[in-house]
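Chain by chain, the residues run as shown.
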Amino acid sequence: MMIGLFLFFLLMFPSPLISDTVSNARIFSSPLFPCSSCHGVMKPVFSRRKLSFHEDITLNHDNLWCLDCHNASNRDRLNKTGGKIITFNELQSLCGICHGVIYTEWTQGVHGKRTGYWNGEKHYLLCTDCHNPHSPRFNPLRPEPPPLRPEKTLRR
Amino acid sequence: MLSRRQFIKTGITLLGSLTLSSCLKQDIFREKFQELTGEEKKAFLKRLEERYERKYGIRINVDATPPLKDAVFGYGLDLSRCIGCRRCVYACMKENNQSRDIPIQWIRVMRIKKEDFNPSDFEHSEHYYSPEEVPEEGYIYIPIQCQQCERPACVKVCPTKATWKEPDGIVVIDYEWCIGCRCCMAACPYWARRFNWGEPYIPKEELNPYTHYYGNRPRMRGVVEKCTFCIQRTRKGRYPACVEACPVGARKFGNLLDPQSEIRYILDNFRVFRLKAELNTEPKFFYFFSLG
């Protein structure tokens, strides 16, 4: 009954009623956040160079450099085109500037993963939950063991 | 004065009506579960739960949620994303209480050379691949499980009508009625059904206690089992376990009747195909390539 009612509402008013959730950006759980605690007093350097801090970051994302995405005057925010400044939780719109088709597919639930309820509240994973924004390509995985061959499945 | 004949007659009817009480109707006469009334179903499930508690020592909840109205389930699998890591296989085993010592796996991931790929021919594929790392260059991976056909060959051949298609499109098995003849396994063109050759063993601590009568409740020796789109989850609105386990998000699930669902978006926007489409089994399991 409740589910029927819910389905009815779902069909009547497609999206605004669903209170889907999106993950918090990964950076908020980093011990280094907020970035402004260090960068607030530092002068931004725009040139490409070898970093003396953040050396664990390997940047392998086309030809991008830090300040293309990170905002120079407020390090707790990101840049978007047209001088717009966005928070880390809106980073999907920044990724969507270059990866437009994938962004559309993500909003439709085709790219990426949704968990939760197929007929109700869904939880979306944010781009950075799966991809490292600094080198977004997936690393190869070790596969789980293969099924046993029939001759090995005999019970002793 | 009661004649001898009358005495025996009344005696037998009295005895019969006692044993025929709804409690024993299922156990002795094996009335079909779906033909029982609501009360009888409840009583039978309760006795089933007690039986499981005696056997495994933990409380197992067996429910029989009926199909949802206005829902027919469909599945999408993005082959350009799948990396063949088999995470889904093991998530499925865990969720659906598959036998562990003689392993039963409902999902089988096929590996095939890109140039050999043909959705109707798996002659050159294998599922025992085990490299150090996946994905491998030049190969694609095709996970195969029950395709939940609209015209299921397995249902047609079952001599005891122990398997059938539910209104929400899921092909289910009544394990109480399965006689283990394995005709359905021979009929299935996708090799999606598995047989319990021995008494399945699952360690107590690995049992999933949230089960469905037609789905992941612990099975017995000599019955056939298969993927049910995680009936115990999907009938309560949740995604199947394999969808939530996939690390690359290749698996998509939704309601085919809901135009807003992700499966409908896939059907509208991608070139989907089904395995062995020429057999006219009309699977509700759609494969597609989202890239190139």
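Everything numeric in this text was worked out from a predicted model, so none of it was measured.

About the cut-offs
- Residues numbered from 1 in each chain as written.
- Chains lettered and ligands numbered in written order.
- Predicted model: local features only at pLDDT ≥ 70, side-chain atom pairs only at ≥ 80, totals over all residues.
- Helix = DSSP H or I, 4+ residues; strand = E, 2+ residues; numbered from the N terminus.
- Buried ≥ 20, exposed ≤ 12 C-beta atoms within 10 Å, placed from the backbone.
- Contact = placed C-beta atoms within 7 Å.
- Domains from an automatic or database assignment.
- Nonpolar A, V, L, I, M, F, W, Y, C, P; charged D, E, K, R; others polar.
- Pairing = 2+ DSSP bridges.
- Core = buried A, V, L, I, M, F, W, Y, C linked by C-beta atoms within 7 Å.
- Axes fitted to C-alpha atoms, helices over the stretch in contact; angles between N-to-C directions.
- pLDDT = per-residue confidence, 0-100.

### Some details on the overall build of chain A
On a plain count of helices and strands, chain A comes out with six helices and five strands. Listing every helix and strand of chain A by position from the N terminus yields α-β-α-α-β-β-α-α-β-β-α. Looking at chain A residue by residue over its 156 residues, the buried ones come to 13%. Across chain A, the fraction of contacts at a sequence separation of at least 24, relative to all contacts at a separation of at least 6, is 54%.

### As for the domain arrangement of chain B
By a widespread convention, an interface's size corresponds to the accessible area lost as its parts come together. Residue and element names in this part refer to chain B. Here the domain parsing of chain B yields domain 1 (4–63) and domain 2 (69–292). Domain 1 and domain 2 are separated by 33 Å when their C-alpha centres are compared. Counting residues per element, the ones that place at least two in the side of domain 1 that touches domain 2 are helix H3 (38–56) and strand E1 (61–63). Of the residues belonging to the side of domain 1 that touches domain 2, the class tally is seven nonpolar, two polar and four charged.

### A few points about the sheet that holds strand E5 (residues 122–124) of chain A
All names here are of chain A. On the basis of which strands lie adjacent, the open sheet formed by three strands has the order E1-E5-E4 and mixed pairing. Among the strands making up the open sheet, the edge pair consists of strand E1 (21–22) and strand E4 (114–116). Bridge count for E4 against E5 is three bridges, and the pairing is antiparallel. Across the sheet, the residue bridging to Arg 114 is Tyr 124, located in E5.

### What to know about the environment of B:Tyr287
Residue and element names in this part refer to chain B. Note on placement: Tyr 287 falls in strand E12 (residues 285–288). Each C-alpha atom of the pair Tyr 287 and Phe 273 lies 5.4 Å from the other, and the pair is 14 residues apart in sequence. Setting aside its immediate chain neighbours within four residues, Tyr 287 contacts Leu 77, Leu 79, Pro 119, Val 272, Phe 273, Arg 274 and Leu 275.

### A word on the interface of chain B and chain A
In this complex, chain B contributes 41 residues to the contact, which on the side of chain A involves 31 residues. Where the side of chain B that touches chain A is concerned, the elements lending two or more residues are helix H4 (87–95), strand E10 (251–255) and helix H9 (262–269) of chain B. The element that contributes the greatest number of residues to the side of chain B that touches chain A is E10(B), accounting for four residues.

### Details of the nonpolar core
In a soluble, globular protein the nonpolar side chains are often hidden away together inside. B:Cys88, B:Cys92, B:Ile107, B:Ile173, B:Phe229 and B:Cys242 are the most contacted members of the largest nonpolar core, which totals 66 residues. Sorting the residues of this core by element identifies H3, strand E2 (73–78), H4, strand E4 (139–144), strand E6 (171–173), helix H8 (241–245), H9 and E12 of chain B as the ones contributing at least two each. Among the elements that take part in this core, H4(B) stands out by supplying five residues, more than any other. Counting the residues that make up this core, at least three belong to each of domain 1 (4–63) and domain 2 (69–292) of chain B. Aside from chain neighbours lying at most four places away, what touches B:Cys88 is B:Ile107, B:Pro143, B:Cys242, B:Ala245, B:Cys246 and B:Arg251. Counting seven residues, the second-largest nonpolar core is a separate cluster that includes A:Leu94, A:Cys95, A:Leu126 and A:Cys127.

### Some remarks on the sheet that holds strand E11 (residues 272–273) of chain B
All names here are of chain B. Here four strands make up an open sheet; going across it, the order is E10-E2-E12-E11 and the pairing mixed. The outermost strands of the open sheet, each flanked by one partner alone, are E10 and E11. Where E11 meets E12, two bridges bridge the pair, whose relative direction is antiparallel. Bridging from a neighbouring strand, Val 272 pairs with Phe 288 of E12. Along the sheet, H9 contacts E2, E10, E11 and E12; its crossing angle with E10, the most-contacted strand, is approximately 105°.

### What about the confidence of the model for chain B?
Residue and element names in this part refer to chain B. Per-chain confidence: chain B averages 91 in pLDDT, with 94% of residues scoring 70 or above. Looking across chain B, the model is least confident in helix H2 (residues 22–29), with a mean pLDDT of 58, and most confident in E12, with 97. For this predicted complex, the interface confidence score (ipTM) comes to 0.82, while the overall pTM stands at 0.86.

### A few points about the pairing of E10(B)
Residue and element names in this part refer to chain B. Counted residue by residue, E10 has five buried out of five residues, so it is predominantly covered. In E10, alternate side chains face the same way, and those of Arg 251, Phe 253 and Asn 255 on one face and Lys 252 and Gly 254 on the other are all buried. Pairing of E2 with E10 involves five bridges; the strand directions are antiparallel. Within the sheet, the bridge partner assigned to Gly 76 lies in E10 and is Lys 252.

### Here we look at the confidence of the model for chain A
On average, residues of chain A score 83 in pLDDT, and 87% of them reach the 70 mark or higher. Within chain A, the element-level pLDDT minimum falls on helix H1 (residues 2–12) of chain A, averaging 50, and the maximum on helix H5 (residues 100–107) of chain A, averaging 92.

### Things to note about unusual backbone geometry
A cis amide bond, omega 0°, links A:Phe33 with the succeeding residue A:Pro34. Inspection of the secondary structure assignment puts A:Pro34 in the loop between E1 and helix H2 (36–39). Look at the link from B:Val134 to B:Pro135: it is a cis peptide, with omega at 0°. With respect to the element layout, B:Pro135 can be found in the loop between strand E3 (108–113) and E4. Here the phi dihedral of B:Trp191 falls at roughly 50°; this positive angle occurs in a residue that is not glycine. Here B:Trp191 is to be found in the loop between helix H6 (183–187) and strand E7 (194–195).

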